[in-house]
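The primary structure of each chain is shown beneath.
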Amino acid sequence: MQTITTTPFTDQKPGTSGLRKRTVVFAQEHYLENFVQSLFDVVGELRGGTLVLGGDGRFHNDVAIATIIRMAAANGVARVLVGQHGILSTPAVSHLIRHHGATGGIVLSASHNPGGPEGDFGIKYNVGNGGPAPTSVTDAIFERSKVIDSYKTAEGDVPLTELGEQSVGDMMVCVIDPVADYAALMESLFDFDAIRNWLGTHAMVFDAMHAVTGPYAREIFGRRLGAGEGALMNCDPSPDFGGGHPDPNPVYASALFDRMFGEDAPDFGAASDGDGDRNIVLGRGVYVSPSDSLAVIAANAHLVPAYRDGIAGVARSMPTSRAADVVAAALGVPAFETPTGWKYFGNLLDAGRITVCGEESAGTSSDHVREKDGLWAILMWLNILAARGLTVTEVLHDHWATYGRHYYSRHDYEEVDANAARSVMATLEGQLADLPGRESHGERISAADSFTYHDPVDGSVAQNQGLRVMFDSGARFVMRLSGTGTSGATLRLYLEAYEPADGDHAQDVQARLSRIAAIADELTALRKTVFRDAPSVVS
Ligand code: G16
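Keep in mind that this is a model prediction, so the values were computed, not measured.

## Things to note about helix H9 (residues 254-261)
Here is step 1 of the chain: Those residues of H9 lying buried are Leu256, Phe257 and Met260. Buried positions in H9, seen along its axis, are confined to an arc of 100° and lie on one side of it.
Here is step 2 of the chain: Close packing links the buried residues of H9 with strand E10 (204-207), strand E11 (232-233), strand E12 (268-272), strand E13 (279-283) and strand E14 (286-288).

As C-alpha cells, this is what we get:
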C-alpha cells in the first residue's frame, strides 16, 4: 500500500447526478484519486464492505476502474463486484447493490453527455438502498475534497475480460456478468410470454446509441423475447458512442426518429442513453413525451404482473408535466412533486409511499430499483401494448380522452454564458411576488414562486429548485439551470398547457405552447440576454 501526497481541487462539487467534467479534467494527475479518496473518507462503512463498480464503457472507463480497484484495496474494502469489461448500466448497479446487500456502488458515466478524449466523463456514488447518494453525502465528499492532502493506493491490476474471482491484496474482486442478474429481474416483473407473442406479429426497433444497454438489449429483447437482429440498432458499446451523442432526444437520436416517422415504420421504437437510465418511446409516426409516458405507465401499471395489485403513489420532478397527478387523483393515490434529481425519490420509494416515479428528462422507474431505468420503461410499454392490443397512438389518444392532455415541451439553451444565465434567473425571480394577477397574451398568472421541497419522510428541505409561473388556464412555465452540463450554463425552459378530456388533443405542440413561451421570453428577456434567437434543443 502506498500513500500519495496530493493537493485539493476546488471544483469537485457533485451536480444533479454526480461529478461530471470534461474527460481532460478527469485525466489530470490526482483528479479522480482525490475525489475517490474523499468518498472513501466520508463513507466509512466501505471499509470491510462490498462495492459494486462499473461504467457505461466510455473513454477513460478502463483507466478509472483500474484506479478505483487499487484504491479500494488500499482503503480496506473487502469485496468489489465489477462488471465484465468494466460495463454496468446505472439501473443494473442499483439492482446489484440491493441484490447482493452491497454497501454502495460507483458508476462511471456522464450519462447522455458525449464521450471520448474531447467529451465528458463522470463519477457518481450510490448508497446501500441502490439510489444516488443524498445531498448530505455528496456535500460531505465535496467538503472533504477541499482539504484532502493524500490518498491511498495499492499495487495490482485485475484483467476484466474473464468472469471469476481474483484478489488485490486482501480484497476480493469478482468480475461478474453485467447482464444476468438484471435480465432475471426484468423477467420476474413482466409478462414475457405476452410480450413475446406480441413481437411475433409486431415490429419493434431499439437504439442503444452505441452505449451501455447494447448487451442488455441483445439478451432481453433479442434472446429472451425473440425480437430479430433487425430490431436492434447500435448495440455495440464504443468508447466514443460511435462518434455520437448518447442522448435519446429528437436531435441526437434522429436516425431512430426518421425511421419511426418514415415509410413502413415499425410499430414500436425506443432508445436509451449512455448509462441506460433514460428512455424514449415512439410509435409509428408518434413520439411519447416523457411526462406522458409516466402518466400512461401509472394508469396502466395494473396490467403488468409486478404491479397487478395497484400502485401506492406516484412522484414526478417539479418541471415534469402534471399529467401523472391527474392519474394519481383518479386512482385515489398520492402524487408527490420533488426537485429535479433522482435522489429525491429515494425516501418516498423506501417508505413505500410511491411505486412509480419519473422525470421529464426521459427517466421513469419503479420501486424495483432506486434509479431510473430505461429498459424497464420500454418493457412497461411493451407489456401494456401486449395487454391492451392497442397501438402506441391509440394508447395515447385514449389516455388524453380520459384524463385530458398536458401539452408539454422543454426548450434548452445550452452552453450559454453563465453570468447571462444567472441574470435571466434573477430577472424572473425579482418579479415573482408581483406576477399573480398579471395578464398577457390572453393568459392570467395565478401564482409564481421559487420551488422549495419539504421531504415528507425525513423532513429535509431543498430550496431554490427552479422558478414556477402558473396560469389560470392550467398552463405553466418553469425555468431552471441545469446541474449536469460541463461547460458554461444550460438554461431550461419547461412549457406546459392543459387541454381537458373533451378538448382538442390534435394541436401542434409548439403552436399550442407558443403563447406561454412568448410570455416567458417577455418576462425574462431570455433570448436577448443569452444572445440566442432560438433554443439549442427542443424536446
Ligand atoms: C440526471 C438526473 C436526473 C435529472 C437530469 C437532468 O439524469 O439523474 O434526475 O432530471 O440529470 O438534470 P438537469 O436538468 O439538472 O441537467 P442523468 O440521466 O443525466 O443522470
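## With respect to the nonpolar core
Here is step 1 of the chain: Formed by 74 residues in total, the largest nonpolar core has its most connected members in Phe221, Phe268 and Trp376.
Here is step 2 of the chain: Residue contributions to this core peak at 10 residues, all from helix H13 (residues 374-388).
Here is step 3 of the chain: When residues no more than four places from it in sequence are discounted, the contact partners of Trp376 are Tyr182, Met186, Leu189, Phe190, Ile297, Tyr307, Val356, Thr364, Ser365, Ser366 and His368.
Here is step 4 of the chain: Core analysis: the next-biggest nonpolar cluster, separate from the first, contains 42 residues, Phe9, Ala64, Ile68 and Val80 among them.

## Focus: the pairing of strand E15 (residues 314-317)
Here is step 1 of the chain: The side-chain alternation of E15 yields two buried faces, one formed by Val314 and Arg316 and the other by Ala315 and Ser317.
Here is step 2 of the chain: Where E15 lies against strand E16 (residues 335-338), 4 bridges are found, and the strand directions are parallel. Bridged to Ala315 within E16 is Phe336.
Here is step 3 of the chain: Handedness of the crossover is the feature at issue here: the chain leaves E15, passes through helix H11 (residues 323-331), returns alongside E16, and the resulting connection is right-handed.
Here is step 4 of the chain: Looking at chain direction, E15 and strand E17 (residues 356-359) are connected through 3 bridges and run parallel. Within E17, the position partnered with Ala315 by the bridge is Cys357.

## Describing the sheet that holds E17
Here is step 1 of the chain: The strand order across the open sheet formed by 4 strands is E16-E15-E17-E18, and the pairing between neighbours is mixed. Looking along the sheet, the strands with just one partner apiece sit at the ends: E16 and strand E18 (363-366). Here the strands of the sheet are splayed against their neighbours by 15° on average, with no regard to which way each runs.
Here is step 2 of the chain: As paired strands, E17 and E18 are joined by 4 bridges and run antiparallel to one another. Its bridge partner lying in E18, Cys357 is registered against Ser365.
Here is step 3 of the chain: Along the sheet, helix H10 (residues 290-300) contacts E15, E17 and E18; its crossing angle with E17, the most-contacted strand, is approximately 170°.

Thresholds, definitions, all that
Residues numbered from 1 in each chain as written. Predicted model: local features only at pLDDT ≥ 70, side-chain atom pairs only at ≥ 80, totals over all residues. Heavy atoms only, no water. Buried < 20%, exposed > 50% of the residue type's maximum accessible area, 1.4 Å probe, protein only. Helix = DSSP H or I, 4+ residues; strand = E, 2+ residues; numbered from the N terminus. Arc of directions from axis to C-beta. Contact = heavy atoms within 4.5 Å. Core = buried A, V, L, I, M, F, W, Y, C linked by side-chain atoms within 4.5 Å. Pairing = 2+ DSSP bridges. Right-handed = clockwise from strand over helix to strand, strands pointing away. Axes fitted to C-alpha atoms, helices over the stretch in contact; angles between N-to-C directions.

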